[in-house]
Amino acid sequence: MDGMVLELGYALDTFYFLMCTALVMWMAAGFAMLEAGLVRAKNTVEILNKNALLYGVACVVYLLVGYNIMYPANPVSSVIPGIDFLLGADNTTESVVAGGDDAPYYSGMADFIFQAVFAAATMSIVSGAVAERMKLWPFLTFAVVMVAVIYPVEGYWKWGGGFLDQLGFQDFAGSVVVHMAGAAAALAAVILVGPRKGKYGKNGEVRAIPGANLPMATLGMFILWMGWFGFNGGSELKIANVEEANAVAKIFVNTNSAAAAGMIVAALFARALFGKTDLTMTINGALAGLVAITAEPLQPSAGLASIIGAIGGLVVVMSVVTLDKLKLDDPVGAISVHGSAGIWGIFAVLLSNDDATFGGQLIGMAATFAWMFVASFVVLLIIKAVMGLRVTEEEEMEGMDVSECGMQAYPEFGPGHSSMGLSSGSDKSGTASKGQSAPGYQASQAVSK
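Residues numbered from 1 in each chain as written. Predicted model: local features only at pLDDT ≥ 70, side-chain atom pairs only at ≥ 80, totals over all residues. Heavy atoms only, no water.

Here's the deal with the packing of helix α7 (residues 175-193) against helix α13 (residues 358-386)
With their axes 8 Å apart at the nearest point, α7 and α13 run at an angle of 35 degrees to one another. For α7 against α13, the interelement crossing comes out right-handed. Residues Val176, Met180, Ala181, Ala184, Ala185, Leu187, Ala188, Ala189, Ile191 and Leu192 of α7 touch α13, and the partners they reach there are Gly364, Met365, Thr368, Phe369, Met372, Phe373, Ser376, Phe377, Leu380, Leu381 and Lys384. Partitioning the contact of α7 with α13 into residue classes produces 17 nonpolar, 3 polar and 1 charged. (Axes fitted to C-alpha atoms, helices over the stretch in contact; angles between N-to-C directions. Helix = DSSP H or I, 4+ residues; strand = E, 2+ residues; numbered from the N terminus. Left-handed = near helix turned anticlockwise from the far one by under 90°. Contact = heavy atoms within 4.5 Å. Nonpolar A, V, L, I, M, F, W, Y, C, P; charged D, E, K, R; others polar.)

Section: helix α5 (residues 136-158)
Between the first and last C-alpha of α5 there are 31 Å, a value that for 23 residues agrees with the 33 Å anticipated at 1.5 Å per step. The axis of α5 is deflected most strongly, by about 50 degrees, at methionine 146. With 18 of its 23 residues buried, α5 lies for the most part within the structure. (Expected span 1.5 Å × (residues − 1). Bend = angle between axes of the 7 residues up to and from the residue. Buried < 20%, exposed > 50% of the residue type's maximum accessible area, 1.4 Å probe, protein only.)

Topic: the nonpolar core
By size, the foremost hydrophobic cluster in this structure holds 110 residues, and its most contacted members are Tyr62, Met123, Val126, Phe142, Phe231 and Leu287. When residues in this core are grouped by element, the largest group, 14 residues, is from α7. Among all residues touching methionine 123, those that are not within four sequence positions of it are Leu54, Phe139, Phe142, Ala143, Met146 and Val147. Of all hydrophobic cores here, the second largest spans 6 residues; its members include Ala258, Ala292, Ala305 and Ile308. (Core = buried A, V, L, I, M, F, W, Y, C linked by side-chain atoms within 4.5 Å.)

A short note on the pattern of salt bridges
Evaluated as defined, the whole model comprises 9 salt bridges. Among the ionic pairs, glutamate 132 bridges to arginine 40, the shortest N-O distance being 3.0 Å. Remark: arginine 40 occurs in the loop between α1 (2-38) and α2 (44-70) and glutamate 132 occurs in the loop between α4 (108-129) and α5; sequence separation between them is 92 residues. Here the two residues glutamate 132 and arginine 40 agree in accessibility, since each one is buried. Across the pair lysine 50 and glutamate 46 runs a salt bridge, and its minimum N-O distance is 2.3 Å. In this pair, lysine 50 and glutamate 46 both sit in helix α2, 4 residues apart, roughly one turn of the helix. The pair formed by lysine 50 and glutamate 46 is uniform in burial state, with each residue classed as buried. (Salt bridge = Lys/Arg side-chain N within 4 Å of Asp/Glu carboxyl O.)

As for the confidence of the model for the protein chain
Counting all residues, the mean pLDDT for the protein chain is 91, and 92% of those residues have values of 70 or more. Here residues 418-449 is a poorly scored stretch, pLDDT under 50, and it has 69 contacts once near neighbours within four places are set aside; other chains count. (pLDDT = per-residue confidence, 0-100.)

Topic: the packing of helix α10 (residues 279-294) against helix α12 (residues 334-348)
At their nearest, the axes of α10 and α12 sit 8 Å apart, and the two run at 40 degrees to each other. In this view, α10 runs oblique relative to α12, as classed from their interaxial angle. Considering only the axes of α10 and α12, their crossing is right-handed. Across the interface between the two elements, Asn284, Leu287, Ala288, Val291 and Ala292 from α10 touch Val337, His338, Ala341, Gly342, Trp344 and Gly345 from α12. (Parallel < 35°, antiparallel > 145°, perpendicular 65-115°, else oblique.)

Re unusual backbone geometry
Residue leucine 86 is not a glycine yet carries a positive backbone phi of 60 degrees. By secondary structure assignment, the location of leucine 86 is in the loop between α2 and α3 (93-97). Given the relative accessible area of 46%, leucine 86 is considered partly exposed. In this structure, glutamate 132 is a non-glycine residue whose phi angle is positive, near 80 degrees.

Some words on the environment of leucine 64
If you trace the backbone, leucine 64 turns up in helix α2. Classification of leucine 64 by relative accessible area gives partly exposed; the value is 41%. Measuring from C-alpha to C-alpha, the distance between leucine 64 and asparagine 256 comes to 35 Å, with 192 residues separating the pair along the chain. Residue contacts for leucine 64: discarding those within four places in its chain leaves Asp84, Phe85 and Leu86.

Description of a nonpolar patch on the surface
Taken together, the side chains of Val60, Leu63, Leu64, Ile83, Phe85 and Leu86 present a nonpolar region at the surface, about 560 Å² in accessible area. Along the chain, leucine 63 falls in helix α2. Residue leucine 63 is classed as partly exposed on the basis of its relative accessible area, which comes to 30%. (Patch = residues over 30% accessible without salt bridge, like charges linked within 9 Å, V, L, I, M, F, W, Y side chains within 5 Å. Areas by Shrake-Rupley, 256 points an atom, 1.4 Å probe, with all protein chains shown as cover.)

Considering the environment of threonine 218
Secondary-structure assignment places threonine 218 in helix α8 (residues 214-233). Along the backbone, threonine 218 and asparagine 256 are 38 residues apart, and their C-alpha atoms lie at a distance of 16 Å. Excluding anything up to four places from it in sequence, threonine 218 contacts Leu279 and Ile283. Here leucine 214 takes part through its backbone oxygen, which lies 2.9 Å from a polar atom of the side chain of threonine 218. (Polar contact = N/O pair within 3.5 Å; in protein donor to acceptor, adjacent residues only side chain to side chain.)

What to know about the side chain of serine 319
With respect to the helices and strands, serine 319 occurs in helix α11 (residues 302-325). Note on serine 319: relative accessible area 9%, which makes it buried. For serine 319, the side chain forms a polar contact with the side chain of serine 340, separated by 2.7 Å. Not counting residues up to four positions away in its chain, the partners in contact with serine 319 are Ser336 and Ser340.

Considerations on the packing of aromatic side chains
This model, assessed by the stated rule, comprises 18 aromatic pairs. Of note, lysine 50 hangs over the ring of phenylalanine 139, and the distance from its end group to the ring centre comes to 5.6 Å. Positioned over the ring face of tyrosine 105 is lysine 238, at 4.4 Å from the centre of the ring. (Phe/Tyr/Trp six-rings, centres within 6.5 Å; stacked < 30°, edge-to-face > 60°. Lys NZ or Arg CZ within 6 Å of the ring centre and 35° of its normal.)

Structural data, given as structure tokens:
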């Protein structure tokens, strides 16, 4: 009877893990829709190609080597993981029914695929930050190195039992391990690639470059919100008893509460600052709330989770404005959402998790940022020397859809077509039409005054 109970629990936990994996995989669609909505029409096909191909690349290279670096069978040390290739056999019935603390309670293959979609999500953060000017194939070359080595190494430090885990660094589902890590890599790429042409004026003014499809961007936000239930809920790793089932339900409530509060506060803050309710700030406020609660979605009450998300909403708006002042061009606000809110989230853990210490959280954040930024910068610098990172000025003006992909997302509105008098998403100068919204649009107006 005990063996049957153990087998049933194993099956239920594995099924739950796989359903959460499906939700996190669906976040790839969320990233694609969000980014496609926030770039100009002339760059839509290219950004969709980036998101589709990076998912495929991430899954293949994480299968080949990344997973075994992040979770090595024989680590060299607490800092340097081991290396191995492909996957071994899954658990057996005998190992499950043997019981004990070391008995597996979900499939090893389920663990791999769950971690693989996390790796893809980390890389997706980079694509939006370098949108509209970084070449497709150099980006995908970086994705290979990022998911094969750079991300798995820092993932090992925490989730693979490395030195950050031994230090007591607390990051439940990846505010730093996934989100800030991706933002640090994105920051390195943004610095090397440079801003889009026409984004910043000679006298420090910041010009809006509106996205082409805000309904699509809003859809992307809701897809990501939905996927986050799997992202945070799946990280509990277990559901097959009353205590764990209640924990998962609480994680869902806290995740939703933080997102809702972040969205509302970001909208109110943007309204107070700029006099308008900027939709892109509303979108990024929800995502910032989600990132902030990801570090600890279980321990806080729903009220505290709402406060954590609300502060995330404030942080993301201030971060977007600050990055524009620093002339760091991030078309979708990825660095602000995943980096700035991720840093807030990792310290917000101190509000509810007694096992967390300020020193441990600070070291974990700093070590992860330093590794991800420096390693990414070096790899991208090499790629820049060999392949180049940025399209030519002429290709940027024409749009990357034509130069990189040979097609347009909306051909009836492209160059040479007069339907409704619309062009490929920008005027001949490459600057945006007045009165439209975009990430940091109202902030841009405030900065330039």
